[in-house]
Amino acid sequence: MSNKDTPAAPVQRAKTTGLHKGDIAPGVAKVDPIIIADGVRRTFGGLTAVDVDHIEIPRNAITALIGPNGAGKTTLFNLLTGFDKPDEGKWTFNGHALAGMGAHKVARLGQVRTFQLTKALGLLTVLENMKLGAKDQIGENIFRGMIPKLWRKQEAEIEARAEVLLKKFKLDAKSSDFAASLSGGQRKLLEMARALMSEPALVMLDEPMAGVNPALTESLLDHILDLKEEGMTVLFVEHDMHMVRHIADWVIVMAEGKVVAEGPPDQVMKNQAVIDAYLGSHQDVDLGIVTGRIEGELNTAAITMAAEVEELDSKIAKRKEPRK
Amino acid sequence: MDILQILSNTGSSLIAPATIGYALAALGLAMHFGFTGLLNMGMAAFMAIGAYGYAISILTFGFPWWGGMLVGVGGSLIFALILGIPTLRLRGDYLAIVTIAAAEVVRLLFLTTTFDKYTGSADGLSGYHASFRAFNPIPDGTYGFGPWVYNANGWWVRIFGIVILALAALILWTVMRSPWGRVIKGIREDEDAVRALGKNVFSYKLQSLMLGGVFGAMGGIIYALPASVNPGVYVTSLTFFVYTALLLGGAATIFGPIIGSVIFWGVQTLLSNLLPALVNIGVLPFMTTTQSQTVRFILVGVALMLLVIYRPQGILGNKKELTFVK
């Protein structure tokens, strides 16, 4: 949190480099992988949602998982965290084989996730939400729970830790409110803070920025970068390419269930396979026609793109303003 | 119209064994539904298993009264396991369907003539009181004042029931304020979120089903303690009545189910005495006394609907904590 006071953008923090071994290609080996998955396949009827031959997630780095809608990103998330079972395949986390392991056991190993649709526990207070995140609680056994003497001390420690985190995420004023009373963005923050209560080794965030306003996005970005500084590994799914460029050390691109490319963000964005599969929706648009330098007819793709460019321009302008 | 008699009956119903039995079962449902979010529609089966377990082990196997109670409670634990292991992976509505079906299976098993020797089929069971009454520390005689005048056995059943009820409420209160209770409430809100935090949701739901089931079984035992075990009692509408009592008091509260049961039985008794009396003196000329008995059940249904629509948190519930309005 050192640069909280300065208006410095998250971009300026150093990226972690040198994560891979050998030539960059889909499924490249990492120097120090935290997750290694092999041949993970999940089909829904006739649809193959995920078909990943080999994937490695680098430790103590921020990895972004991008790809078009329906590429299987969230399904891969669900498989890796035990919320869904693959048809075949095996994967390890920190050296533990996870295939067939239930979601709660995966979480206990230190791999915690958030959800695309935020799951704040509405009728618990914010503080209770946080305390629920802590691992190995003595009082969570029904019999020991009946004897407060056994868990009071631990409870106080957990509460102290929760308060520190809540302060950091600027939710401390809300700690005794029901989580249901929080705004959408605050719930995202709460979900992330709650996940951190379990002191994880790997934090998996499913679209952490979806529906979050630009100012809050920046503080969320900071929080995610802090996680890396604190020694955690982050894997996130996101559609916001600015965010991916700004904070990701490594980008994995999925399309139609497969890993089509990976690499450091600046290189991946130039990759032809990525442009085709994801960024490439605009490739068939002649920019000259859009800008009016060349005469020609605008097709529908061009019209939508022009609208998007305008929108992006205004967003970029908005973000740059306060930094001056 | 004998108003005094009507009021006396109503007053007496407030601490009747049936009221205490309902309160225990409603506490069980508070555990299942109010705190864990399990839509258990088969509470009648837990009560039946408690009552039959108690009566059969005394009548057929010659157990002492406490042995019979242990059998009833043990039976409900086994039933919770059998019911829970395959069904707790189901979500809300499906769990309700399965539990309602399971409760019918249990009731029909007790009703069938195949096991007549043990269950008495349609006649039910009675005459198992000797052991419990032999333990009665209260000297013979009649005690009490106002509407609450009972003999030694009457008091023994009531005092025993109230002690068990107080114990159950105490247990529920202790576990729900512990971290265990926090996990349970979290499961009610969103079980996937709780799973993602490393809690074994299935195990917690099973524990909740078992604990609430034990309360239900004890409720069934207290209900049957003074008189007989009658298979006609453990029908699906029993579950709905217990739900009415629960929702009346507040689903996610400790004292709500108890107060709800007391009010439920108070109003039931009042209406069952008052309506026929009103018919007899000609105030309600459009119905007979028999019809008036049905009317009170219609009123229960209307009350349940009004309750859910206008005061879903019950009498004691926190307005913000509307557990079943999402």
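Above this text sits the structure in question.
The structure reproduced in this document is the subject of the present report. Model, not experiment: these values are computed from the prediction.

Thresholds, definitions, all that
Residues numbered from 1 in each chain as written. Chains lettered and ligands numbered in written order. Predicted model: local features only at pLDDT ≥ 70, side-chain atom pairs only at ≥ 80, totals over all residues. Heavy atoms only, no water. Helix = DSSP H or I, 4+ residues; strand = E, 2+ residues; numbered from the N terminus. Buried < 20%, exposed > 50% of the residue type's maximum accessible area, 1.4 Å probe, protein only. Contact = heavy atoms within 4.5 Å. Areas by Shrake-Rupley, 256 points an atom, 1.4 Å probe, with all protein chains shown as cover. Phe/Tyr/Trp six-rings, centres within 6.5 Å; stacked < 30°, edge-to-face > 60°. Lys NZ or Arg CZ within 6 Å of the ring centre and 35° of its normal. Salt bridge = Lys/Arg side-chain N within 4 Å of Asp/Glu carboxyl O. Polar contact = N/O pair within 3.5 Å; in protein donor to acceptor, adjacent residues only side chain to side chain. Nonpolar A, V, L, I, M, F, W, Y, C, P; charged D, E, K, R; others polar. 1 Å grid on protein atoms, 1.4 Å probe; cavity = no way out; pocket = protein on both sides within 12 Å on 5 of 7 lines; lining within 4 Å. Points joined across faces, edges and corners; volume = space filled by probe spheres on them.

### Things to note about the overall build of chain A
When you go through chain A residue by residue, the secondary structure sums to 12 helices and 10 strands. Residue burial in chain A is summarised as follows: out of 324 residues, 50% are buried. If you take every contact in chain A between residues at least 6 apart in sequence, the share linking residues at least 24 apart comes to 66%. Accessible surface, chain A as shown: approximately 15,200 Å² in total, 53% of it carbon and sulfur.

### Observations concerning the packing of aromatic side chains
The description of two aromatic rings rests on the distance between their centres and on the angle between their planes. Residue and element names in this part refer to chain B. If you walk through the whole model with that rule in mind, you get 22 aromatic pairs over all chains. A ring pair is formed by Trp-65 and Phe-132, whose centres lie 5.4 Å apart and whose planes are at 80°; its orientation type is edge-to-face. Taken together, the residues Trp-65 in helix H4 (residues 65–87) and Phe-132 in helix H7 (residues 130–134) connect sequence positions 67 residues apart. Judged on exposure class, the residue Trp-65 and its partner Phe-132 are both buried. Ring centres of Trp-65 and Phe-160 lie 5.5 Å apart, and the angle between their planes is 85°; this geometry places the pair in the edge-to-face category. Of this pair, Trp-65 sits in helix H4 while Phe-160 sits in helix H8 (residues 152–176), and the two are 95 residues apart along the sequence. Residue class for Trp-65 comes out buried when judged on its relative accessible area of 10%. Members of the aromatic cluster, joined through ring pairs, are Tyr-22, Tyr-223, Phe-241, Phe-264, Trp-265 and Phe-297. For Arg-158, the ring lying beneath its charged end belongs to Tyr-150, and the centroid distance is 3.6 Å.

### Some words on the pattern of salt bridges
Pairing of side chains with opposite charge becomes possible as their charged atoms draw close. Going through the model one piece at a time under the given rule, you end up with 21 salt bridges over all chains. Between Asp-190 of chain B and Lys-119 of chain A there is a salt bridge; the shortest N-O distance is 3.3 Å. Here Lys-119 of chain A lies in the loop between strand E6 (111–113) and helix H3 (126–133) and Asp-190 of chain B lies in the loop between helix H9 (179–189) and helix H10 (191–196), a pairing that spans two chains. Overall, Lys-119 of chain A belongs to the buried group, its relative accessible area being 18%. What emerges from the salt-bridge pattern is a single network uniting Lys-131, Glu-155 and Glu-159 of chain A together with Arg-182 of chain B.

### As for the interface of chain A and chain B
If you look at the interface, chain A gives 32 residues, while chain B gives 31 residues. Put simply, chain A and chain B have three salt bridges between them. The salt bridge partner of Arg-182 of chain B is Glu-155 of chain A, with a shortest N-O separation of 2.7 Å. Taken together, the links from chain A to chain B amount to 10 residue pairs in polar contact (both at pLDDT 80 or more). Looking at the side of chain A that touches chain B, the elements that each hand over two or more residues are helix H2 (103–108), E6, H3, helix H4 (142–145), helix H5 (148–168) and helix H6 (184–196) of chain A. Of the residues belonging to the side of chain A that touches chain B, the class tally is 16 nonpolar, seven polar and nine charged.

### Considering empty space enclosed by the protein
Residue and element names in this part refer to chain A. In total, this model carries five cavities of 30 Å³ or more according to the counting rule given. Lining the largest cavity are Thr-114, Phe-115, Lys-188, Glu-191, Met-192, Leu-205, Asp-206, Glu-207, Pro-208 and Leu-220. For the lining of the largest cavity, the elements supplying multiple residues, two or more each, are H6 and strand E7 (202–206). Per-element tally for the lining of the largest cavity: the top contributor is H6, with three residues. In the lining of the largest cavity, the residues fall into five nonpolar, one polar and four charged.

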